[in-house]
Amino acid sequence: MTLALASILPQVTQAAGLDVAAVAKGLLYFGTATDNPELTDTAYVAGLKNTDDFGQITPGNSQRNTFAFTKGDMIADLAASNGQQLTCHTLVWHSQLPNWGIGSWTNETLLAAMKNQITNVVTHYKGQCYAWDVVNEALNEDGSYRDSVFYQHIGPAYIPIAFATAAAADPDTKLYYNDYSLVYAGAKATAVQNIVKLVQSYGARIDGVGLQDHLIVGNAPSQSAQASNLAAFTALGVEVAITELDIRLTLPATDALLAQQSTDYRNTVAACV
Ligand SMILES: *[C@@H]1O[C@H](CO)[C@@H](O)[C@H](O)[C@H]1NC(C)=O
(Lines give C-alpha, C1' and ligand atoms only; values in the text may rest on other atoms or scores of the structure.)
Protein backbone atom coordinates (compact mmCIF):
# COMPACT_ATOMS: atom_id res chain seq x y z
CA MET A 1 0.00 0.00 0.00
CA THR A 2 2.90 2.41 0.73
CA LEU A 3 4.23 1.68 -2.74
CA ALA A 4 0.82 2.18 -4.29
CA LEU A 5 0.31 5.54 -2.66
CA ALA A 6 3.85 6.69 -3.38
CA SER A 7 3.29 6.01 -7.06
CA ILE A 8 0.46 8.53 -7.21
CA LEU A 9 2.32 11.01 -5.05
CA PRO A 10 5.63 11.42 -6.81
CA GLN A 11 6.47 14.57 -4.87
CA VAL A 12 6.21 12.72 -1.56
CA THR A 13 9.12 10.41 -0.86
CA GLN A 14 8.32 6.75 -0.47
CA ALA A 15 9.38 7.03 3.18
CA ALA A 16 6.43 9.30 3.95
CA GLY A 17 3.67 7.49 5.78
CA LEU A 18 0.23 6.80 4.34
CA ASP A 19 -1.52 9.40 6.47
CA VAL A 20 1.16 12.04 5.87
CA ALA A 21 0.85 11.46 2.12
CA ALA A 22 -2.97 11.42 2.16
CA VAL A 23 -3.22 14.65 4.17
CA ALA A 24 -0.63 16.31 1.90
CA LYS A 25 -3.02 15.52 -0.98
CA GLY A 26 -5.97 17.15 0.77
CA LEU A 27 -7.66 14.01 2.11
CA LEU A 28 -8.93 13.96 5.69
CA TYR A 29 -6.98 10.95 6.89
CA PHE A 30 -5.62 7.49 6.12
CA GLY A 31 -6.59 5.05 8.83
CA THR A 32 -7.09 1.47 9.89
CA ALA A 33 -9.39 -0.73 11.91
CA THR A 34 -8.31 -2.64 14.99
CA ASP A 35 -9.81 -4.98 17.56
CA ASN A 36 -9.07 -5.96 21.15
CA PRO A 37 -7.57 -9.44 20.55
CA GLU A 38 -4.85 -7.85 18.42
CA LEU A 39 -3.67 -5.43 21.08
CA THR A 40 -1.36 -7.96 22.78
CA ASP A 41 0.81 -8.20 19.64
CA THR A 42 3.55 -5.65 20.36
CA ALA A 43 4.95 -5.51 16.81
CA TYR A 44 1.43 -4.95 15.46
CA VAL A 45 0.66 -2.26 18.05
CA ALA A 46 3.92 -0.47 17.20
CA GLY A 47 2.74 -0.32 13.57
CA LEU A 48 -0.74 0.75 14.63
CA LYS A 49 0.72 3.60 16.69
CA ASN A 50 2.71 4.96 13.77
CA THR A 51 0.69 8.11 13.13
CA ASP A 52 2.67 8.83 9.96
CA ASP A 53 0.75 5.87 8.50
CA PHE A 54 -2.51 5.87 10.47
CA GLY A 55 -4.18 9.12 11.45
CA GLN A 56 -7.44 7.37 12.30
CA ILE A 57 -8.70 4.18 13.97
CA THR A 58 -12.02 2.32 13.80
CA PRO A 59 -12.79 -0.27 16.52
CA GLY A 60 -13.87 -3.38 14.60
CA ASN A 61 -16.36 -4.82 17.07
CA SER A 62 -15.93 -3.48 20.57
CA GLN A 63 -18.38 -0.56 20.54
CA ARG A 64 -21.45 -2.76 20.09
CA ASN A 65 -23.41 -5.16 22.29
CA THR A 66 -24.35 -3.85 25.71
CA PHE A 67 -23.59 -0.80 27.78
CA ALA A 68 -20.34 -2.49 28.76
CA PHE A 69 -17.88 0.04 27.46
CA THR A 70 -14.59 -1.49 28.62
CA LYS A 71 -13.42 -2.88 25.29
CA GLY A 72 -14.58 0.10 23.25
CA ASP A 73 -12.91 2.44 25.72
CA MET A 74 -9.59 0.59 25.34
CA ILE A 75 -9.48 1.41 21.64
CA ALA A 76 -10.83 4.94 22.06
CA ASP A 77 -8.13 5.57 24.70
CA LEU A 78 -5.46 4.07 22.45
CA ALA A 79 -6.47 6.40 19.60
CA ALA A 80 -6.50 9.38 21.97
CA SER A 81 -3.08 8.60 23.42
CA ASN A 82 -1.68 8.19 19.88
CA GLY A 83 -3.32 11.44 18.75
CA GLN A 84 -5.38 9.55 16.14
CA GLN A 85 -8.91 10.31 14.95
CA LEU A 86 -11.57 7.80 15.92
CA THR A 87 -14.36 6.61 13.64
CA CYS A 88 -16.96 5.09 15.94
CA HIS A 89 -18.73 1.92 14.80
CA THR A 90 -21.66 1.16 14.83
CA LEU A 91 -25.09 2.08 16.25
CA VAL A 92 -27.82 0.33 14.24
CA TRP A 93 -26.94 -2.98 12.57
CA HIS A 94 -28.95 -6.13 11.97
CA SER A 95 -26.02 -8.38 12.93
CA GLN A 96 -24.53 -9.13 16.37
CA LEU A 97 -27.56 -7.58 18.05
CA PRO A 98 -27.56 -7.41 21.82
CA ASN A 99 -30.32 -9.24 23.66
CA TRP A 100 -32.65 -6.29 23.39
CA GLY A 101 -32.58 -6.77 19.61
CA ILE A 102 -34.42 -10.07 19.93
CA GLY A 103 -37.96 -10.28 21.21
CA SER A 104 -41.49 -9.28 20.41
CA TRP A 105 -41.59 -5.66 19.50
CA THR A 106 -44.00 -3.04 18.35
CA ASN A 107 -43.00 0.00 16.38
CA GLU A 108 -43.14 2.10 19.53
CA THR A 109 -41.20 -0.24 21.84
CA LEU A 110 -38.45 -0.92 19.30
CA LEU A 111 -38.10 2.77 18.48
CA ALA A 112 -37.74 3.51 22.19
CA ALA A 113 -35.08 0.79 22.60
CA MET A 114 -33.19 1.94 19.51
CA LYS A 115 -33.21 5.56 20.64
CA ASN A 116 -32.09 4.55 24.13
CA GLN A 117 -29.20 2.54 22.69
CA ILE A 118 -28.09 5.36 20.39
CA THR A 119 -28.38 8.05 23.05
CA ASN A 120 -26.45 6.06 25.66
CA VAL A 121 -23.62 4.97 23.39
CA VAL A 122 -23.19 8.30 21.60
CA THR A 123 -23.30 10.18 24.89
CA HIS A 124 -20.65 7.90 26.38
CA TYR A 125 -18.24 8.62 23.50
CA LYS A 126 -19.26 12.26 23.08
CA GLY A 127 -16.36 14.42 21.98
CA GLN A 128 -14.19 11.40 21.07
CA CYS A 129 -15.59 10.42 17.68
CA TYR A 130 -14.68 12.16 14.45
CA ALA A 131 -17.62 10.25 12.98
CA TRP A 132 -20.20 7.63 13.92
CA ASP A 133 -21.42 4.86 11.62
CA VAL A 134 -25.06 5.42 12.58
CA VAL A 135 -26.73 2.82 10.37
CA ASN A 136 -24.76 -0.11 8.97
CA GLU A 137 -25.70 -2.38 6.04
CA ALA A 138 -29.44 -1.65 5.82
CA LEU A 139 -29.74 -2.84 2.22
CA ASN A 140 -29.72 -6.07 0.24
CA GLU A 141 -27.47 -6.48 -2.80
CA ASP A 142 -30.28 -5.37 -5.14
CA GLY A 143 -30.83 -2.14 -3.21
CA SER A 144 -34.04 -3.23 -1.47
CA TYR A 145 -34.27 -2.82 2.30
CA ARG A 146 -32.88 -5.68 4.33
CA ASP A 147 -35.66 -7.38 6.31
CA SER A 148 -34.07 -6.56 9.67
CA VAL A 149 -35.90 -6.33 12.99
CA PHE A 150 -35.75 -2.55 12.60
CA TYR A 151 -37.25 -2.57 9.11
CA GLN A 152 -39.94 -5.10 10.05
CA HIS A 153 -41.31 -3.08 12.94
CA ILE A 154 -40.44 0.53 12.14
CA GLY A 155 -40.14 0.57 8.35
CA PRO A 156 -37.63 2.80 6.52
CA ALA A 157 -38.30 5.57 9.04
CA TYR A 158 -35.88 3.87 11.45
CA ILE A 159 -33.01 5.28 9.41
CA PRO A 160 -33.81 9.02 9.60
CA ILE A 161 -34.96 8.58 13.22
CA ALA A 162 -31.60 6.96 14.07
CA PHE A 163 -29.71 9.85 12.49
CA ALA A 164 -31.82 12.46 14.29
CA THR A 165 -31.28 10.68 17.61
CA ALA A 166 -27.50 10.49 17.12
CA ALA A 167 -27.37 14.17 16.11
CA ALA A 168 -29.21 15.14 19.27
CA ALA A 169 -26.80 13.14 21.44
CA ASP A 170 -23.64 14.61 19.87
CA PRO A 171 -24.09 17.63 17.61
CA ASP A 172 -20.36 17.73 16.78
CA THR A 173 -19.70 14.22 15.44
CA LYS A 174 -20.15 13.39 11.76
CA LEU A 175 -22.97 10.95 11.02
CA TYR A 176 -22.38 8.23 8.43
CA TYR A 177 -24.35 5.56 6.62
CA ASN A 178 -22.01 2.58 5.95
CA ASP A 179 -22.45 -0.39 3.58
CA TYR A 180 -20.68 -2.73 1.14
CA SER A 181 -20.94 -3.27 -2.64
CA LEU A 182 -21.07 0.48 -3.25
CA VAL A 183 -17.87 0.69 -5.29
CA TYR A 184 -19.82 0.29 -8.53
CA ALA A 185 -22.55 2.63 -9.71
CA GLY A 186 -25.76 0.61 -9.78
CA ALA A 187 -28.86 -0.38 -7.87
CA LYS A 188 -27.28 -0.52 -4.42
CA ALA A 189 -25.28 2.72 -4.78
CA THR A 190 -28.43 4.45 -6.03
CA ALA A 191 -30.42 3.07 -3.09
CA VAL A 192 -27.85 4.52 -0.65
CA GLN A 193 -28.12 7.87 -2.41
CA ASN A 194 -31.87 7.56 -1.84
CA ILE A 195 -31.20 6.89 1.87
CA VAL A 196 -29.20 10.13 2.02
CA LYS A 197 -32.17 11.95 0.45
CA LEU A 198 -34.61 10.18 2.81
CA VAL A 199 -32.68 11.31 5.88
CA GLN A 200 -32.45 14.83 4.48
CA SER A 201 -36.20 14.81 3.69
CA TYR A 202 -36.89 14.20 7.39
CA GLY A 203 -34.85 17.30 8.21
CA ALA A 204 -32.22 15.11 9.87
CA ARG A 205 -28.47 15.48 9.40
CA ILE A 206 -26.34 12.98 7.47
CA ASP A 207 -22.71 13.93 6.84
CA GLY A 208 -21.18 10.98 5.08
CA VAL A 209 -21.36 7.62 3.35
CA GLY A 210 -18.85 4.87 4.12
CA LEU A 211 -17.96 2.35 1.42
CA GLN A 212 -16.67 -1.08 2.41
CA ASP A 213 -14.68 -2.14 -0.63
CA HIS A 214 -13.94 -5.85 -0.83
CA LEU A 215 -12.39 -6.33 -4.25
CA ILE A 216 -10.65 -8.99 -6.31
CA VAL A 217 -7.31 -8.35 -8.01
CA GLY A 218 -7.90 -7.63 -11.69
CA ASN A 219 -11.66 -7.12 -11.25
CA ALA A 220 -11.58 -3.81 -9.39
CA PRO A 221 -13.15 -0.83 -11.15
CA SER A 222 -10.95 1.81 -12.76
CA GLN A 223 -9.91 5.01 -11.01
CA SER A 224 -12.24 7.11 -13.18
CA ALA A 225 -15.23 4.79 -12.63
CA GLN A 226 -14.65 4.94 -8.87
CA ALA A 227 -14.17 8.72 -8.93
CA SER A 228 -17.43 9.35 -10.78
CA ASN A 229 -19.25 6.91 -8.49
CA LEU A 230 -17.92 8.77 -5.41
CA ALA A 231 -18.93 12.08 -7.00
CA ALA A 232 -22.56 10.89 -7.19
CA PHE A 233 -22.52 10.71 -3.37
CA THR A 234 -20.67 13.97 -2.71
CA ALA A 235 -23.10 15.75 -5.07
CA LEU A 236 -25.73 15.18 -2.36
CA GLY A 237 -23.70 17.24 0.12
CA VAL A 238 -22.11 14.35 2.03
CA GLU A 239 -18.48 13.31 2.37
CA VAL A 240 -17.31 9.80 1.52
CA ALA A 241 -14.85 7.43 3.17
CA ILE A 242 -13.53 4.06 2.04
CA THR A 243 -14.13 2.42 5.41
CA GLU A 244 -12.79 -1.01 4.46
CA LEU A 245 -10.41 -1.85 1.62
CA ASP A 246 -9.08 -5.28 0.80
CA ILE A 247 -8.18 -6.54 -2.68
CA ARG A 248 -7.67 -10.26 -2.55
CA LEU A 249 -5.82 -12.59 -4.88
CA THR A 250 -5.68 -16.32 -5.32
CA LEU A 251 -2.41 -17.81 -4.04
CA PRO A 252 0.29 -18.35 -5.08
CA ALA A 253 1.06 -14.66 -5.47
CA THR A 254 3.04 -13.94 -8.60
CA ASP A 255 4.91 -10.76 -9.54
CA ALA A 256 2.17 -10.04 -12.09
CA LEU A 257 -0.64 -10.48 -9.53
CA LEU A 258 1.18 -8.32 -6.98
CA ALA A 259 1.73 -5.60 -9.59
CA GLN A 260 -1.97 -5.71 -10.50
CA GLN A 261 -2.90 -5.59 -6.81
CA SER A 262 -0.70 -2.51 -6.40
CA THR A 263 -2.44 -0.87 -9.38
CA ASP A 264 -5.86 -1.77 -7.96
CA TYR A 265 -5.05 -0.26 -4.53
CA ARG A 266 -3.65 2.80 -6.24
CA ASN A 267 -6.85 3.27 -8.25
CA THR A 268 -9.07 3.34 -5.16
CA VAL A 269 -6.83 5.75 -3.25
CA ALA A 270 -6.38 7.92 -6.33
CA ALA A 271 -10.17 8.02 -6.82
CA CYS A 272 -10.43 9.58 -3.34
CA VAL A 273 -7.83 12.21 -4.25
C1 LIG B 1 -43.33 3.74 13.21
O2 LIG B 1 -43.39 4.96 13.91
C3 LIG B 1 -42.67 6.02 13.31
C4 LIG B 1 -42.67 7.21 14.25
O5 LIG B 1 -43.97 7.55 14.58
C6 LIG B 1 -43.24 6.32 11.94
O7 LIG B 1 -42.47 7.32 11.31
C8 LIG B 1 -43.21 5.05 11.11
O9 LIG B 1 -43.79 5.29 9.84
C10 LIG B 1 -43.91 3.93 11.82
N11 LIG B 1 -43.76 2.71 11.07
C12 LIG B 1 -44.77 1.90 10.74
C13 LIG B 1 -44.41 0.67 9.99
O14 LIG B 1 -45.92 2.16 11.00
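Computed from a prediction, not measured in an experiment: that's the story for all the values here. (Residues numbered from 1 in each chain as written. Predicted model: local features only at pLDDT ≥ 70, side-chain atom pairs only at ≥ 80, totals over all residues. Heavy atoms only, no water.)

So, about the overall build of the protein chain. Of the regular secondary structure elements, the protein chain holds ten helices and seven strands. For 273 residues, the compact-globule formula gives about 19 Å, and the C-alpha radius of gyration of the protein chain, at 19 Å, lands near that figure. Its C-alpha atoms give the protein chain principal-axis dimensions of about 55 × 40 × 35 Å. Buried positions account for 48% of the 273 residues belonging to the protein chain. Within the protein chain, contacts between residues separated by at least 24 positions form 77% of all contacts whose residues are at least 6 apart in sequence. When the 13 basic and 24 acidic side-chain charges of the protein chain are each reduced to a single mean position, those positions are 4 Å apart. (Helix = DSSP H or I, 4+ residues; strand = E, 2+ residues; numbered from the N terminus. Rg over C-alpha atoms; globule rule 2.2 N^0.38 Å. Buried < 20%, exposed > 50% of the residue type's maximum accessible area, 1.4 Å probe, protein only. Contact = heavy atoms within 4.5 Å. Lys, Arg positive; Asp, Glu negative; His and termini not counted. Charge placed at Lys NZ, Arg CZ, Asp CG, Glu CD.)

In this section: helix 10 (residues 255-272). For helix 10, which comprises 18 residues, the first-to-last C-alpha distance of 26 Å matches the rise-based estimate of 26 Å (1.5 Å per residue) to within 8%. Within helix 10, the full set of buried residues consists of Gln261, Asp264, Tyr265, Asn267, Thr268, Val269, Ala270 and Ala271. (Expected span 1.5 Å × (residues − 1).)

Structurally, Asp52 is set in the loop between helix 3 (42-48) and strand 2 (56-59). For the pair Asp52 and Asn120, spaced 68 residues apart in sequence, the C-alpha to C-alpha distance is 33 Å. Excluding residues that lie within four positions of it along the chain, Asp52 makes contacts with Gly17, Leu18, Asp19 and Val20.

Mapped onto this structure's residue numbering, the UniProt feature "active site" (unreviewed entry) falls at Glu244. Setting aside anything within four residues of it in sequence, one finds Glu244 in contact with Leu211, Gln212, Asp213 and His214. (UniProt positions renumbered as here; feature names shortened; annotations may be inferred.)

Bringing the packing of aromatic side chains into the picture now. All chains considered together, the criterion is met by five aromatic pairs. Ring geometry for Tyr29 against Tyr130: centres 6.0 Å apart, planes inclined by 75°, an arrangement best described as edge-to-face. Of this pair, Tyr29 sits in the loop between helix 2 (18-24) and strand 1 (31-34) while Tyr130 sits in the loop between helix 5 (107-124) and strand 4 (131-136), and the two are 101 residues apart along the sequence. The pair Tyr29 / Tyr130 is uniform in exposure class, with both members buried. Here the aromatic cluster, defined as three or more aromatic residues joined through ring pairs, consists of Phe69, Tyr125 and Trp132. A cation over an aromatic ring shows up here: Lys188 above the ring of Tyr180, its NZ or CZ 3.8 Å from the ring centre. (Phe/Tyr/Trp six-rings, centres within 6.5 Å; stacked < 30°, edge-to-face > 60°. Lys NZ or Arg CZ within 6 Å of the ring centre and 35° of its normal.)

Attention now goes to the environment of Val199. Turning to its location among the elements, Val199 is positioned in helix 8 (residues 187-201). For the pair Val199 and Ile159, spaced 40 residues apart in sequence, the C-alpha to C-alpha distance is 7.0 Å. When sequence neighbours within four positions are dropped, the list of residues in contact with Val199 reads Ile159, Pro160, Phe163, Ala204, Arg205 and Ile206.

Before going further, it helps to examine the side chain of His89. Position of His89 among the secondary structure elements: in strand 3 (residues 85-93). Owing to a relative accessible area of 9%, His89 belongs among the buried residues under this scheme.

Okay, the site of the ligand next. Close to the ligand lie Asn107, Leu111, Ile154 and Ala157, which account for all nearby residues. At 2.5 Å, a side-chain N or O of Asn107 approaches an oxygen atom of the ligand. Within the shell around the ligand, the residues separate by chemical class into three nonpolar, one polar and no charged. (Near = heavy atom within 4 Å. Polar contact = N/O pair within 3.5 Å; in protein donor to acceptor, adjacent residues only side chain to side chain. Nonpolar A, V, L, I, M, F, W, Y, C, P; charged D, E, K, R; others polar.)

As a further point, take the sheet that holds strand 1. Within the open sheet, the seven strands sit side by side as 1-2-3-4-5-6-7. Their pairing is parallel. Only two strands of the sheet have a single partner each, and these edge strands are strand 1 and strand 7 (239-248). For this sheet, the mean inter-axis angle between neighbouring strands, taken without regard to orientation, is 25°. This element, helix 5, spans strand 3 and strand 4 of the sheet and lies at about 165° to strand 3. (Pairing = 2+ DSSP bridges. Axes fitted to C-alpha atoms, helices over the stretch in contact; angles between N-to-C directions.)

A few words now on the packing of helix 7 (residues 158-169) against helix 8. Between two packed helices, what matters for the description is the angle formed by their axes and the separation of those axes. One can describe the packing of helix 7 onto helix 8 by two numbers: an axis separation of 9 Å at closest approach and a directional angle of 60°. Judged by the inter-axis angle, helix 7 sits oblique to helix 8. Crossing of helix 7 against helix 8: the hand is right-handed. Here Ile159, Pro160 and Phe163 of helix 7 come into contact with helix 8, specifically with Ile195, Leu198 and Val199. (Parallel < 35°, antiparallel > 145°, perpendicular 65-115°, else oblique. Left-handed = near helix turned anticlockwise from the far one by under 90°.)

This part is about the pairing of strand 7. Pairing of strand 6 (residues 208-216) with strand 7 involves nine bridges; the strand directions are parallel. Looking at the pairing, Gly210 lines up with Ala241 of strand 7. Handedness of the crossover is the feature at issue here: the chain leaves strand 6, passes through helix 9 (residues 223-234), returns alongside strand 7, and the resulting connection is right-handed. (Right-handed = clockwise from strand over helix to strand, strands pointing away.)

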